[in-house]
Amino acid sequence: VVPVYYDLTHSDGDITRFYGIITDISEDHPTGKVKPKWAVNMTVSHIAEFDSSGNWISDGLVSLGGEIRDVPRFIH
């Protein structure tokens, strides 16, 4: 198992980075002059959000459950 990330660039230039592992890959070989397509299934553990300049939007890594705002932060 090798951890990977995938960057999704939004129309406004902001980026959501998905962290996880690839669980399945497939390739479609269509007929004619159509280009082959790839499909990837990824199990995502957390994400990070960046603006178009590469600055963090999110407060560090965000679990799939989302950020909890307006609560005390605990040190462990």
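Note that this is a predicted model, so its numbers are computed, not measured.

Visitor: Outline the overall build of the protein, listing residues and values.
Guide: When you go through the protein residue by residue, the secondary structure sums to zero helices and four strands. Each helix and strand of the protein, ordered N terminal to C terminal, gives the series β-β-β-β. Per-residue burial for the protein yields a buried fraction of 12% across its 76 residues. Considering only contacts in the protein between residues 6 or more positions apart, those separated by 24 or more positions represent 31%. Carbon and sulfur atoms make up 56% of the accessible area of the protein, which totals about 6500 Å².

Visitor: Tell me what's going on with a nonpolar patch on the surface, and back it up with residues and numbers.
Guide: A grouping of Ile22, Ile25, Trp38 and Val40 is seen on the molecular surface, where their side chains present a nonpolar patch of about 430 Å² in accessible area. At the level of secondary structure, the elements contributing two or more residues to the nonpolar patch comprise β2 (15-28) and β3 (37-50). Assignment of secondary structure puts Trp38 in strand β3. Trp38 gets classed as exposed once you look at its relative accessible area, which sits at 59%.

Visitor: Before we move on, could you go through the pattern of salt bridges and cite the residues and values that matter?
Guide: On inspection of all chains with the given rule, the structure shows two salt bridges. A salt bridge links Arg17 to Asp7, with the nearest nitrogen and oxygen atoms 2.6 Å apart. One end of the pair, Arg17, is in strand β2; the other, Asp7, is in strand β1 (residues 3-9), and ten residues separate them in sequence. A salt bridge links Asp28 to Lys37, with the shortest nitrogen-to-oxygen separation between them at 3.8 Å. For Asp28, a relative accessible area of 35% corresponds to the partly exposed category.

Calculation rules
- Numbers given to residues run from 1 along each chain, matching the order in which its sequence is written.
- Residue-level local features of this predicted model are given only where pLDDT is at least 70; pairs of side-chain atoms are given and counted only at 80 or more, and the full residue set underlies all totals for whole chains, interfaces and linings.
- Heavy atoms from the whole structure form the basis of all side-chain values; hydrogens and water molecules are not counted.
- Runs of E in the DSSP output that reach at least two residues are strands. Runs of H or I that reach at least four are helices, and both are numbered from the N terminus.
- Residue exposure (1.4 Å probe, protein chains only): buried if accessible area is under 20% of the type maximum, exposed if over 50%, otherwise partly exposed.
- It only takes one pair of heavy atoms within 4.5 Å for two residues to be counted as in contact.
- What sets the accessible areas is the Shrake-Rupley method with a 1.4 Å probe; for residues, cover comes only from the shown protein chains.
- Within the patch definition used here, like charges are joined within 9 Å and nonpolar side chains (Val, Leu, Ile, Met, Phe, Trp, Tyr) within 5 Å, considering only residues with over 30% relative accessible area and no salt bridge.
- By definition here, a salt bridge exists when the distance from a side-chain nitrogen of Lys or Arg to a carboxyl oxygen of Asp or Glu is within 4 Å.

Geometric values such as these leave the question of function open.
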